[in-house]
Amino acid sequence: MILLANSEAWPGINQSAEALARGENGLDALVEGISRVEREVTVRSVGYGGWPNMLGVMEFDAGVMDGNTRETGAVGALRDVIPAAQVAREVMRRLPHTLLTGDGARRFALEIGLKPEETLIEDSRKVWWERLEKELSPEDLKRFPELPLASLSRSVTDPERVRDTTVFLGQDKAGGIHSATSTSGWAWKYPGRLGDSPIAGAGFYADSRYGAAACTHTGEMTVRCGTARTVVLAMKLGYSLADAVKLAIDELAELKGGFLAGVVLHAIDAHGNHEVVNFRCPGEIAYWIWQPSMSAPERHMAKIIK
Ligand code: GLY
């Protein structure tokens, strides 16, 4: 058994570890932990504490993958409802689809019994508006949002503070390897923008035969490279976990043009190994790891690759 999650996972990592230790289904254990992260207002990139889109509206993305069957479920640009990871899991379990977005995702969330609620906290609303006040002329502020937004999309995105996510990867007692992600996406993103967190193969992937991977930070890069799938496919082709992660990072490093920034890649294999690599994100990045030999999840630092 193993549980790996990124630094934002602290509100739920213990519950996920305890659920795995009790022998619960691994995917349910991950969603239980992620749901707590989504409800924690001090985590400023996921759920309640996250940042809104350019219009001041919260839009959540989440994805899950069951590595036993390679079934996946995801939601994108989900409004008014959390936990988004729980909705993603039910997309996988109840529908013949893999990804719901926008109004359809919201409708489905209510159908499965979740309640709509205010998900934009006052501090996020205030910071969002202050940022717009800095970017827009007084005339444009007056007519906002009745103005083209595209030109704002590069200027209002606050680089590293706001592009995080929470990702959980785990292998349960039965050997099932699963993944789950959740995010409010980039702060001040263009409305409707999806990152990698709801895109299987980019932001997350799991296959109980080999391992799992998930990414945080710049989804625009991992979508281009199919990063999480690259790691797991490389292991299928015989790469060690470390070499598979290196291959995926090399692919990111070879990208030219478009929006380029940092990515943190988290990965486990079916033999209890893990790798976390910080590719070009500023500063030190922590993560959480738990295995049955540990009394509680431990906080470690990611390897840095520039
Ligand atoms: N990795 C999170 C995002 O790009 O939305």
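In what follows, the structure referred to is the one given above.
Keep in mind that this is a model prediction, so the values were computed, not measured.

### Some thoughts on the site of the ligand
Inference 1: Taken together, T165, G185, W186, R193, G195, D196, S197, H217 and G219 make up all the residues around the ligand.
Inference 2: The separation between a nitrogen atom of the ligand and a polar side-chain atom of T165 is 3.2 Å.
Inference 3: Contacts to the ligand include R193, whose side-chain N or O atom sits 2.7 Å from an oxygen atom.
Inference 4: Taking 200 Å² as the accessible area of the ligand by itself, protein coverage stands at 100%.
Inference 5: For the shell around the ligand, the residue count by class is 1 nonpolar, 6 polar and 2 charged.

### Let's talk about helix α10 (residues 241-253)
Along an α-helix, residues three or four apart share an orientation, since each turn contains 3.6 residues.
Inference 1: Its 13 residues give α10 an end-to-end C-alpha distance of 18 Å, which sits within 8% of 18 Å, the value for a rise of 1.5 Å per residue.
Inference 2: Those residues of α10 lying buried are L241, A244, V245, A248, I249 and L252. Down the axis of α10, the buried side of the element spans an arc of 135°, and every buried residue falls inside it.
Inference 3: Each element contacted by the buried residues of α10 is listed here: α8 (219-225), α9 (227-236), β9 (263-269), β10 (274-279) and β13 (303-305).

### Comments concerning the pattern of salt bridges
Inference 1: Scanning all chains against the criterion turns up 19 salt bridges.
Inference 2: With a closest N to O distance of 3.6 Å, R70 and D207 form a salt bridge. Taken together, the residues R70 in the loop between β2 (60-66) and β3 (71-78) and D207 in strand β7 (residues 204-207) connect sequence positions 137 residues apart.
Inference 3: Exposure remark for D207: the relative accessible area of 2% places this residue in the buried category.
Inference 4: Overlapping salt bridges, with partners in common, bring together D28, R89, E90, R93 and R94 in one network.

What counts, and where the lines are drawn
- Each chain has its residues counted from 1, following the order in which its sequence is written.
- Note on the predicted model: pLDDT of at least 70 is required for a residue's local features to be given, and 80 or more for side-chain atom pairs to be given and counted; whole-chain, interface and lining totals, by contrast, use all residues.
- Based on all heavy atoms of the structure, the side-chain values leave hydrogens and waters out of the count.
- Any residue with a non-hydrogen atom lying within 4 Å of a molecule or strand is treated as near it.
- Whenever a nitrogen or oxygen atom comes within 3.5 Å of another N or O atom, the pair is scored as a polar contact, on the condition that within protein one atom can donate a hydrogen and the other can accept it, and that pairs from neighbouring residues in sequence are kept only if both atoms are in side chains.
- In this description, accessible areas are obtained by the Shrake-Rupley approach with a 1.4 Å probe, and a residue is regarded as covered only by the protein chains that are shown.
- For this classification, the nonpolar set comprises Ala, Val, Leu, Ile, Met, Phe, Trp, Tyr, Cys and Pro, the charged set comprises Asp, Glu, Lys and Arg, and every other residue, Gly included, is treated as polar.
- Secondary structure elements follow DSSP: runs of H or I no shorter than four residues count as helices, runs of E no shorter than two count as strands, and numbering proceeds from the N terminus.
- Expected span, for any helix, means 1.5 Å times one less than how many residues it has.
- Residue exposure (1.4 Å probe, protein chains only): buried if accessible area is under 20% of the type maximum, exposed if over 50%, otherwise partly exposed.
- As used here, the arc belongs to the directions running from the helix axis to the C-beta atoms.
- Contact criterion: two residues are considered in contact whenever any of their non-hydrogen atoms come within 4.5 Å of each other.
- A pairing counts as a salt bridge when a side-chain nitrogen of Lys or Arg comes within 4 Å of a carboxyl oxygen of Asp or Glu.

These values are about where atoms sit, not about what they do.
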